[in-house]
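# Understanding the architecture of this molecule
Listed here are the chains, written in short residue letters.
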Amino acid sequence: MKNEMDDVLKILVSEKELDEITTRIASEIDRDYGESPHRVVLVAILKGSVVFMGDLMRKIKTPIEIDFMKVASYGGNTASTGNINIHLDLQRADIANCEIILVEDIVDSGRTLAHLVEYLKLKGAKSVRTATLLDKPSRRVVDFEADYVGRKVPDEFVIGYGLDFDEKYRALPFVGVLKPEAYEK
Ligand code: PRP
């Protein structure tokens, strides 16, 4: 049987650390939204955030709703926040009454979340904040910082816990670094 573990160079964020991260961010969200009179909506950006979302939402005590968006970036490597296509948008009539928390697996250039925060504010959301499991500040091309950050990571090829290479490795229960042979072959 094929084993995706064979392609893992090292574990970067262990299952134990992931559990600690989701517990901490859930309590930060409870601290900030526990008294909100509005709808608190966690919006997972597909697909990479689904595992983080699933663990995080089960630890938040504040009543929340969930929703999903899917985007794709296009164009070159310019410092722009405009090169984002929305493939699946929120279908909500009540956005003016929503406090939105965008949930991501990783912030890299920063384009995706910078664009989506602006987009949802323009659509009239009551508030928009962002939560990311991983942050790669060395790759940033736009000025963006997430409100809730699991952990900063170096510029390595990370996979697992939702993150993929060529759609593989998403189901690994930890965040690992991929062996170069696995993406060079
Ligand atoms: C990844 C990640 C973020 C985005 C971050 O998604 O999940 O959405 O890239 O990059 P940025 O900060 O440079 O915008 P990807 O396009 O790989 O799709 P996936 O989540 O479906 O794997």
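So, here is what we can say about the structure in this document.

Conventions used here
Residues numbered from 1 in each chain as written. Predicted model: local features only at pLDDT ≥ 70, side-chain atom pairs only at ≥ 80, totals over all residues. Heavy atoms only, no water. Helix = DSSP H or I, 4+ residues; strand = E, 2+ residues; numbered from the N terminus. Rg over C-alpha atoms; globule rule 2.2 N^0.38 Å. Buried < 20%, exposed > 50% of the residue type's maximum accessible area, 1.4 Å probe, protein only. Contact = heavy atoms within 4.5 Å. Areas by Shrake-Rupley, 256 points an atom, 1.4 Å probe, with all protein chains shown as cover. Lys, Arg positive; Asp, Glu negative; His and termini not counted. Charge placed at Lys NZ, Arg CZ, Asp CG, Glu CD. Expected span 1.5 Å × (residues − 1). Core = buried A, V, L, I, M, F, W, Y, C linked by side-chain atoms within 4.5 Å. Pairing = 2+ DSSP bridges. Axes fitted to C-alpha atoms, helices over the stretch in contact; angles between N-to-C directions.

## So, the overall build of the protein chain
Within the protein chain, the secondary structure is distributed over four helices and nine strands. Compactness check: the protein chain gives a C-alpha radius of gyration of 17 Å against a globular reference of 16 Å for 185 residues, within 12% of the reference. A principal-axis box enclosing the C-alpha atoms of the protein chain has dimensions of 50 × 35 × 30 Å. Counting only residues that meet the buried cut, the protein chain has 46% of its 185 residues in that class. Intrachain contacts of the protein chain at a sequence separation of at least 6 include 66% that bridge at least 24 residues. As presented, the protein chain carries roughly 9400 Å² of accessible surface, and 50% of it is formed by carbon and sulfur atoms. Separation of charge centres in the protein chain, based on 26 positive and 32 negative side chains, amounts to 1 Å.

## As for unusual backbone geometry
A cis amide bond links Leu-46 with the next residue in sequence, Lys-47, at an omega value of -5°. Despite not being glycine, Asp-166 has its phi angle at roughly 55°, a positive value. Its location among the elements puts Asp-166 in the loop between strand E8 (158–159) and strand E9 (175–178). Of note in the backbone geometry, Tyr-169 takes a positive phi value of approximately 75° without being a glycine. Mapped onto the elements, Tyr-169 comes out in the loop between E8 and E9.

## Remarks on helix H1 (residues 15–33)
Given a rise of 1.5 Å per residue, 19 residues ought to cover 27 Å, and the 27 Å separating the end C-alpha atoms of H1 matches this to within 8%. All of the buried residues in H1 are Leu-18, Ile-21, Thr-22, Ile-25, Ala-26, Glu-28, Ile-29, Asp-30 and Tyr-33.

## Focus: the nonpolar core
Ile-29, Leu-133, Leu-134 and Val-175 are the most contacted members of the largest nonpolar core, which totals 28 residues. Among the elements of the structure, strand E1 (8–13), H1, strand E2 (39–46), helix H2 (50–57), strand E5 (98–107), strand E6 (127–135) and E9 are those that each provide at least two residues to this core. The biggest single contributor to this core is H1, with six residues. Excluding its chain neighbours within four sequence positions, the residues that come into contact with Val-175 are Ile-11, Leu-12, Val-13, Leu-18, Leu-133, Leu-134, Val-158, Ile-159, Gly-160, Tyr-161 and Leu-163.

## Description of the pairing of E6
Burial analysis of E6 places eight of its nine residues in the buried class, which makes it a mostly covered element. Relative to E6, E5 runs parallel, the two sharing eight bridges. Note on E6: the bridge partner recorded for Glu-104 is Thr-132. As paired elements, E6 and strand E7 (residues 148–152) share four bridges and run parallel to each other. If you follow Thr-132 over to E7, its bridge partner there is Val-149.

## Focus on the environment of Ile-25
Looking at the element boundaries, Ile-25 is found in helix H1. A sequence separation of 59 residues divides Ile-25 from Ile-84, and the C-alpha atoms of the two residues are 27 Å apart. Once residues lying within four places of it in the same chain are set aside, the contact partners of Ile-25 are Phe-52, Leu-56, Thr-132, Tyr-148, Val-149 and Gly-150.

## Description of the sheet that holds E7
Strands sit in the order E4-E3-E2-E5-E6-E7 across an open sheet of six strands; the sheet is mixed. Each edge of the open sheet is held by one strand with a lone partner, namely strand E4 (84–88) and E7. Neighbour to neighbour, the strand axes of the sheet diverge by 30° on average, direction disregarded. Of the pairings in the sheet, the one linking E2 to E5 comprises six bridges and is parallel in character. Directly across from Val-40, in E5, lies its bridge partner Glu-99. Against the sheet, H2 touches E2, strand E3 (65–73), E5 and E6, its axis set at about 155° to E2.

Don't take any of this as a statement about function, it's just geometry.
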